[in-house]
Amino acid sequence: MMSKTTTLFAAPRLPSLLLILAALTALGTAFASQYWGGLNPCDMCWWQRYAYMTVILPLLPSALLRLTAAQRRVSLILGGLVFLVGAGISLFHAGVEQKWWEGFTACTAPISSGGLDDLRAAILAAPVVRCDEIPWSLFGISIAGFSAIASLILALFAFKAAFSTEQAG
């Protein structure tokens, strides 16, 4: 009798699909908290989002294509490495928020605009978001802290899937 974990890893595309879904969920949550919750991101928040965006690229082939076990393993390992980078960024950001170490001097969200007058108006109207302030927390863990935890768990899942699969293409 197969365990649920064994069954999960026996489905060739399922681990990659779940990891992509998790990344999209994290991004959706981030954008929802920004646009509906009013929690504007700082630069380091954007870096965390970029990691979640980037992880989709190496995972997409193993989610959509018929790959050999070796090719799928490479895809999942690359995805796991991107999740580890995201965990590192998130942990660094959480450390800046907790004042464990200093962040970067220029730490506000980027502004994209058309002309010079539009750029000036956008700069003057944009909220200043500091990376060393915690905009929201639960049980003493900030959003960056939750992102670090989630990214680390997702990296471990990707590595486990990479080395637990002997599936057919």
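Residues numbered from 1 in each chain as written. Predicted model: local features only at pLDDT ≥ 70, side-chain atom pairs only at ≥ 80, totals over all residues. Heavy atoms only, no water.

Trainee: Is there a simple way to think about the packing of helix α3 (residues 43-54) against helix α4 (residues 56-64) in this case?
Mentor: Between two packed helices, both the angle of their axes relative to each other and the distance between the axes serve to describe the pair. Two elements in contact, α3 and α4, have axes separated by 6 Å at closest approach and are oriented at 20°. Between α3 and α4, the angle is such that the two are roughly parallel. Here Y52, M53 and T54 of α3 lie close against α4, whose contacting residues are I56, L57 and P58. Split by residue class, the contact of α3 with α4 holds five nonpolar, one polar and no charged. (Axes fitted to C-alpha atoms, helices over the stretch in contact; angles between N-to-C directions. Helix = DSSP H or I, 4+ residues; strand = E, 2+ residues; numbered from the N terminus. Parallel < 35°, antiparallel > 145°, perpendicular 65-115°, else oblique. Contact = heavy atoms within 4.5 Å. Nonpolar A, V, L, I, M, F, W, Y, C, P; charged D, E, K, R; others polar.)

Trainee: It is not clear to me how the environment of L152 should be interpreted in this structure. Could you clarify?
Mentor: Counting through the fold element by element, L152 comes out in helix α7 (residues 143-164). You can call L152 partly exposed: its relative accessible area is 40%. Beyond its immediate stretch of four places on either side in the chain, L152 contacts L84 and A87. (Buried < 20%, exposed > 50% of the residue type's maximum accessible area, 1.4 Å probe, protein only.)

Trainee: Teacher, can you tell me more about helix α5 (residues 69-97) here?
Mentor: Residues that lie three or four places apart on an α-helix share one face, since the helix turns once every 3.6 residues. If you check α5, its first and last C-alpha atoms are 41 Å apart, about what 29 residues at 1.5 Å a residue would give, namely 42 Å. At the C-terminal side of α5, K99 shows a positive phi close to 65°. (Expected span 1.5 Å × (residues − 1).)

Trainee: Hey, could you run me through the side chain of S142 in this one?
Mentor: Within the fold, S142 resides in strand β2 (residues 141-142). Among the polar contacts made by the side chain of S142, one reaches the side chain of E97 at a distance of 2.5 Å. (Polar contact = N/O pair within 3.5 Å; in protein donor to acceptor, adjacent residues only side chain to side chain.)

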